[in-house]
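# Structure assessment
What follows is the residue order along each chain.
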Amino acid sequence: MNERFEIPARLRNTSIALMLIGIITLIVGAVVLLGSNDVFEKSRFWTSLIQDSVYFLMITAASIFIQAATSLAQGSWIVAYRRVPEAIGANVWVFGVIAAVILFAVAFTYNIGSGNAVHNPIYTWMHPDEIEQKKGAFLNPGMFVGFTLFTIAAWSFFGKKFQALSLAQEKAPKNDTKIYWTMVKWSGVFLGVYWLTQMSVTPWMWIMSIQAHWFSTMFSWYNFASIFVSGMALILLWVVYLKNQGNLELVNKEHVHDLGKFMFAFSIFWTYVWFDQYMLIWYANEPEETIFFKLRQQGPYSLIFYANVIINFVMPILILMTAPSKRNYFTVTFMAMVLIFGHWLDFFQLVMPNPMKDHWHISWYEIGIFAGFAGVLIFTVSKTLSKHSLVPVNNMLLKETVIHHS
Amino acid sequence: MAIKKFAVAAYDDEEVLFPAVKSVRHSGYKMHDVYTPFPVHGLDHAMGLKDTDLHTAGFIFGLCGTSTALGFMSWIFTSDWPINFGGKPHFSLPAFIPITFELTVLFSAVGMVLTWCYLNQVMPGVKKHVFHPRQSDDLFVMAIELNDHTNEQEVIDFLKTTGAVETNIQVAEADWWYGRWDKKEPYELA
């Protein structure tokens, strides 16, 4: 059995090329956009970085969540390719460090004007107006730094911890259940942490506060649905890639079917939450709430607003509905790529409208930054994957995963 | 409604049932059905049953629900009885979505239950012939459909070689019927 993953030269070169593209884009962006006198051009530099760093940090952290959830539920279906979410989760710290640098740079160094007129075009609450002052108990620099550091530290720790536990299981005596139950305990703790971060406070802090006058209690759930779908799509892309390289012989259509089900089901869940948020605001028709959708649905972002629903709801429900399409490697891979792009677009329309108004672009800079982050992801995850055996031979659920039938 | 003749074999073990089902299929006899006290995984494949179309029916029922809800509400609120609700337009799609969703689920769920009942021939008040009183207790019962040309003794002998603990020949109604047990049995061959 082909237990070891050797990084193919092509993959390594692609990832390095993508990272180079990202770095060059960043440097050119810093010169052209940041050096410009136009506030929107300067904001374009930072908003794109926020969007991509937060998006990539969250979809990699979704891998930790699925490990915790399946450990608690004693799910065996994931064991056949458990090394993939483990490897993605173990690299969360990389994206965490990048995101922390970018978020702090935006919050503390990006200021326009001087004296009393100084303001931060993205995190406006850094120099609060009357409404933002009332939210000061939550939206203040101390909370921002504290919660950002807590979130990133906790996710990085759990990503490493779960991988370490799983690798320790390999060295443990056969049929030793101690590490298994340790994993279950840590998973329970992680769900608490995840609830406090991804499912509530962190999206408010990083994304919702970009439009600080507006708020929605559905926002974090909506965000979680988004990143969970794309996190599943990311795992699926790695599984299919490794399978094509001749690894992961234990994985068959049954396991791919399960990932397809998660992508399908959580796309529906995303739509459900998205529509909940939309309909309540539409119905109540309160000016301070509808402003969020005024900008997006009827303003310059209407194209992205409708594309978002079509890509993330209509496409998965029609393409992934039947069982054979979830068991077909081509359709699931295609849909995984579509959904990763779709939810990237979702993050785009969450971050951009307030600071950028109608000056939005999806052009060389946005695509280059995305490529850079994709390069970092491919480089780090493939490196982690190649370090350890891809088959968790000593895992107690290994037999169950081999005979798994969905 | 068709009265038919059946050869019935009862098995007391799953392990015996599977090879028996395989050899009956292989020998070319027409299998009517197999009755088991509990769901036996893989038996549908062994019997060569084709995949169900229930989900297609569910999709169509769902579409019916969607169009019923959307069509009905659009008609009411735009032409039959237009009312101004809080200054919203008469054709307010977002307000229709929850009911459309619910009706889609309701139609597909109820439709699929009824279709399932029809496909499996079960319904309150509907009767089917029971080939063996212990088929829902501890025996696995296989019924083979016979025609006029089948040699009964040959079938019985063949079934005994597959490990059947009990065998007999029965004449019974093959389909379901509505009514009481005692009115229908025993049967005469038509």
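What you see is a predicted model, and the numbers here were worked out from it, not measured in a lab. (Residues numbered from 1 in each chain as written. Chains lettered and ligands numbered in written order. Predicted model: local features only at pLDDT ≥ 70, side-chain atom pairs only at ≥ 80, totals over all residues.)

## Some remarks on the overall build of chain A
Our working definition: Starting at the N terminus, helices and strands are each numbered in turn, a helix being any DSSP run of H or I of at least four residues and a strand any DSSP run of E of at least two. Radius of gyration here uses only the C-alpha atoms, and the compact-globule reference equals 2.2 Å multiplied by the residue count raised to the power 0.38. Placing C-beta atoms from the backbone, we regard two residues as in contact once those atoms come within 7 Å.
Assigned secondary structure in chain A consists of 16 helices and 0 strands. For 406 residues, the compact-globule estimate of 2.2 N^0.38 gives 22 Å, and the C-alpha radius of gyration of chain A, at 21 Å, lies within 12% of that figure. Along the longest, intermediate and shortest principal axes, the C-alpha atoms of chain A span 70 × 40 × 40 Å. A fraction of 82% describes how many contacts in chain A between residues 6 or more apart in sequence connect residues 24 or more apart.

## A few points about the packing of helix H11 (residues 302–319) of chain A against helix H13 (residues 329–351) of chain A
Residues and elements named next belong to chain A. The condition is simple: All axes here are fitted lines through C-alpha atoms, helices being fitted over the stretch that makes contact, and every angle between N-to-C directions spans 0 to 180 degrees. The labels follow the angle: roughly parallel below 35 degrees, roughly antiparallel above 145, roughly perpendicular from 65 to 115, and oblique for the rest. The hand of a helix crossing depends on one turn: near helix anticlockwise from the far one by less than a right angle means left-handed, and clockwise means right-handed. Side-chain classes are defined by residue name, with Ala, Val, Leu, Ile, Met, Phe, Trp, Tyr, Cys and Pro counting as nonpolar, Asp, Glu, Lys and Arg as charged, and the others, Gly among them, as polar.
Where H11 contacts H13, the axes come no closer than 9 Å and their chain directions differ by 155°. In terms of orientation, H11 lies roughly antiparallel with respect to H13. The two elements H11 and H13 cross, and the hand of that crossing is left-handed. Counting all contacts with H11, which are made through Ile304, Phe305, Ala307, Asn308, Ile311, Asn312, Met315, Pro316 and Ile319, the residues of H13 involved are Thr331, Met335, Val338, Leu339, Gly342, His343, Leu345, Asp346, Phe348 and Gln349. A per-class count over the contact of H11 with H13 returns 12 nonpolar, 6 polar and 1 charged.

## A short note on the sheet that holds strand S5 (residues 166–173) of chain B
All names here are of chain B. Counted only if it meets this: Whether two strands pair comes down to DSSP finding at least two bridges between them.
Here we have 4 strands laid out as an open sheet, ordered S2-S4-S1-S5, and antiparallel in their pairing. Unpaired on one side and paired on the other, strand S2 (30–35) and S5 mark the two borders of the sheet. Direction aside, neighbouring strands of the sheet carry axes that sit 25° apart on average. Both strand S1 (residues 3–11) and S5 contribute to a ladder of 8 bridges, which runs antiparallel. Pairing of Lys5 across the sheet is with Val171, part of S5. Across the sheet, helix H1 (residues 14–27) touches S1, S2 and strand S4 (140–146), and the angle it forms with S4 is around 15°. Docked against the sheet, helix H5 (residues 152–161) engages S1, S4 and S5, running at close to 25° with respect to S1.

## Section: the domain arrangement of chain B
Our working rule: Where each domain begins and ends is defined by an automated method or by a domain database.
Partitioning chain B into structural domains gives domain 1 (3–49 + 127–178) and domain 2 (54–120). One C-alpha centre belongs to domain 1 of chain B, the other to domain 2 of chain B; they are set 44 Å apart.

## Quick notes on unusual backbone geometry
Residue and element names in this part refer to chain A. Rule in force here: With C-beta atoms placed from the backbone, the exposure class of a residue follows from how many other C-beta atoms lie within 10 Å of its own: 20 or more, buried; 12 or fewer, exposed; in between, partly exposed.
One non-glycine residue, Leu248, lies in positive phi territory at about 50°. With respect to the element layout, Leu248 can be found in the loop between helix H8 (219–244) and helix H9 (253–284). Residue classification places Leu248 among the buried residues on the basis of 25 C-beta atoms within 10 Å. Positive phi, normally seen in glycine, also occurs at Asn285, with a value near 60°. With respect to the element layout, Asn285 can be found in the loop between H9 and helix H10 (287–298). Under the C-beta neighbour-count criterion, Asn285 is labelled exposed, with 11 such atoms within 10 Å.

## Structural notes on the interface of chain B and chain A
Residue-level contacts link 4 residues of chain B with 6 residues of chain A. The residue makeup of the side of chain B that touches chain A, split by class, is 3 nonpolar, 1 polar and no charged.

## Let's talk about the packing of helix H7 (residues 178–206) of chain A against H8(A)
Residue and element names in this part refer to chain A. Where H7 contacts H8, the axes come no closer than 8 Å and their chain directions differ by 105°. Comparing their axes, H8 and H7 come out roughly perpendicular. Contacts between H7 and H8 pair Gln198, Met199, Ser200, Pro203 and Trp204 from the former with Phe219, Ser220, Trp221, Asn223 and Phe224 from the latter. Tallied by class, residues from the contact of H7 with H8 come to 6 nonpolar, 4 polar and no charged.

## Some details on the confidence of the model for chain B
Rule in force here: The quantity known as pLDDT measures the predictor's confidence residue by residue, on a range of 0 to 100.
Across chain B, pLDDT averages 88, with 93% of residues at or above 70. Per the prediction output, this complex has pTM 0.87; the corresponding ipTM is 0.73.

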